[in-house]
Amino acid sequence: NPMKRFGLVLVLFAFFVAPAYGSVVGETLQIEWWYPSAGSVYSSWTGTVVDPGSEWYAGSGVGSIDVKAGEITIENVTMGWSGGSGWNGFVFKNLTGATLFTSLNLVSIGGYPPPVDPILSFTADTLYINFNASGVDNVGSGTGQLYTFAYTSSAVPLPPAVLLFAPGLVALGAMRKRYLK
């Protein structure tokens with residue numbers, strides 16, 4: 001039936017052409033704490049992202065950093081962020097490259113001292129969270145803050161899948177010709 005074959009072609013086309021959404025879970029991520037300026041690495045962690053489970057305990061007042069599918073939490077356990085530098089924050093770089101970042105947003109801030117709204121930016125393979133871009137100093141005593149961020153990402157199309165799609169279309173075309181004779 002030509003209609004069934006046409007439907008099959010449409011399903012295959014949608015499967016290979018429709019955007020795929022990915023997650024960095026299972027991929028290799030590098031997290032760097034930049035302080036006191038952009039590119040000055042105070043400390044870093046590189047490893048595989050697991051969910052559930054915190055990826056990194058940064059120390060020096062910063063508690064756990066946890067990356068999940070679509071979410072990052074950063075716990076600042078003992079104090080706020082000092083305002084005397086140009087950069088005091090984190091850079092998340094996807095070293096695997098199978099997922100591209102498409103957005104980064106602040107979801108919530110909780111805790112004490114009064115929170116600082118971080119400056120956020122991203123590229124296809126890197127997320128930037130700068131707690132100090134405003135120059136606001138909110139260091140104090142207390143329990144610190146818990147920041148939650150949401151990110152979206154998409155899977156990089158696999159070239160082998162695309163290469164398999166073209167011969168499949170040729171085969172379907174040949175089958176069509178054979179059955180229409």
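What counts and what doesn't
- Residues numbered from 1 in each chain as written.
- Predicted model: local features only at pLDDT ≥ 70, side-chain atom pairs only at ≥ 80, totals over all residues.
- Heavy atoms only, no water.
- Helix = DSSP H or I, 4+ residues; strand = E, 2+ residues; numbered from the N terminus.
- Buried < 20%, exposed > 50% of the residue type's maximum accessible area, 1.4 Å probe, protein only.
- Contact = heavy atoms within 4.5 Å.
- Areas by Shrake-Rupley, 256 points an atom, 1.4 Å probe, with all protein chains shown as cover.
- Core = buried A, V, L, I, M, F, W, Y, C linked by side-chain atoms within 4.5 Å.
- Pairing = 2+ DSSP bridges.
- Axes fitted to C-alpha atoms, helices over the stretch in contact; angles between N-to-C directions.
- Phe/Tyr/Trp six-rings, centres within 6.5 Å; stacked < 30°, edge-to-face > 60°.

Novice: What should I look at first to understand the overall build of the protein in this one?
Specialist: The helix and strand tally for the protein stands at two helices and ten strands. Counting all 181 residues of the protein, 33% fall into the buried class. Partitioning the intrachain contacts of the protein with sequence separation of at least 6 by distance along the chain shows that 68% fall at a separation of at least 24. Here the protein displays about 9,900 Å² of accessible surface, and carbon together with sulfur accounts for 65% of that area.

Novice: Can you walk me through the environment of Gly53 in this structure?
Specialist: Residue position: Gly53 is located in the loop between strand E2 (41–48) and strand E3 (56–59). The exposure class assigned to Gly53 is partly exposed, which follows from its relative accessible area of 28%. In the structure, Gly53 is positioned eleven residues away from Ser64 in sequence and 9.6 Å away in space, judged by C-alpha atoms.

Novice: What am I meant to see in the nonpolar core here?
Specialist: Looking at soluble globular proteins, one finds that nonpolar side chains tend to be buried together. Counting residues in hydrophobic clusters, the biggest one holds 25 residues, and the most contacted among them are Ile31, Val67, Ile74, Phe90 and Phe92. Among the secondary structure elements, those contributing two or more residues to this core are strand E1 (28–34), E3, strand E4 (62–68), strand E5 (71–76), strand E6 (89–94), strand E7 (99–112), strand E9 (126–130) and strand E10 (144–155). Residues in contact with Ile31, not counting those within four places in the same chain, are Ser43, Ser44, Trp45, Glu55, Trp56, Ile65, Val67, Phe90, Val91 and Phe92.

Novice: Honestly, the environment of Lys68 in this entry has me stumped. Any pointers?
Specialist: One can find Lys68 in strand E4. Sequence-wise, Lys68 and Gly53 are 15 residues apart; in three dimensions their C-alpha atoms are separated by 8.4 Å.

Novice: How do you make sense of the sheet that holds E4 when you look at a structure like this?
Specialist: Two orientations exist for strands paired in a sheet by backbone hydrogen bonds: parallel and antiparallel. Reading across the sheet, the five strands line up as E3-E4-E5-E10-E7 and stay open at both edges, with antiparallel pairing between neighbours. Taken across any chain shown, the strands that pair with only one partner, and hence form the sheet edges, are E3 and E7. Neighbour-to-neighbour, the strand axes of the sheet open up by a mean angle of 15°, direction not taken into account. Alignment of E7 against E10, held across twelve bridges, turns out to be antiparallel. Within E10, the position partnered with Ser108 by the bridge is Thr148.

Novice: I would appreciate a short explanation of the sheet that holds E9 in the present structure.
Specialist: A sheet is described by the order of its strands in space; here five strands give the open sequence E2-E1-E6-E9-E8, paired in antiparallel fashion. Two strands bound the open sheet, and with one partner strand each, they are E2 and strand E8 (119–122). Neighbouring strand axes in the sheet, compared pairwise and without regard to direction, differ in orientation by 10° on average. Sheet topology places E1 next to E6; six bridges connect them, and they run antiparallel. Considered in E6, the bridge of Glu32 is made with Val91.

Novice: Looking at this structure, how should I read the pairing of E10?
Specialist: Side-chain positions along a regular strand alternate between the two faces of the sheet. Relative to E10, E5 is paired through six bridges, and the arrangement is antiparallel. By the bridge assignment for E10, Ile72 is matched with Phe149.

Novice: How should the pairing of E8 be read in this particular structure?
Specialist: Bridging between E8 and E9 involves four bridges; their strand directions are antiparallel. By the bridge assignment for E9, Leu120 is matched with Ile129. Between E8 and E9, which follow one another and run antiparallel, lie three residues.

Novice: Please explain unusual backbone geometry as it appears in this structure.
Specialist: Outside of glycine, negative phi angles account for most residues, and trans bonds account for most peptide bonds. The amide bond that connects Tyr35 to the next residue, Pro36, takes the cis arrangement and shows omega of 5°. Secondary-structure assignment places Pro36 in the loop between E1 and E2.

Novice: What exactly am I supposed to notice about the packing of aromatic side chains here?
Specialist: In the structure shown here, the tally under the stated rule is eleven aromatic pairs. Aromatic pair Trp34 and Tyr128: ring centres 6.0 Å apart, planes at 55°, arrangement tilted. Within this pair, whereas Trp34 is found in strand E1, its partner Tyr128 is found in strand E9, the two being separated by 94 residues in sequence. Classification of Trp34 as buried rests on a relative accessible area of 13%. According to the relative accessible area criterion, Tyr128 is partly exposed, its value standing at 21%. Ring centres 6.2 Å apart and planes at 90° place the aromatic pair Trp56 and Phe90 in the edge-to-face group. Of the two residues, Trp56 sits in strand E3 while Phe90 sits in strand E6, which places them 34 residues apart along the sequence.

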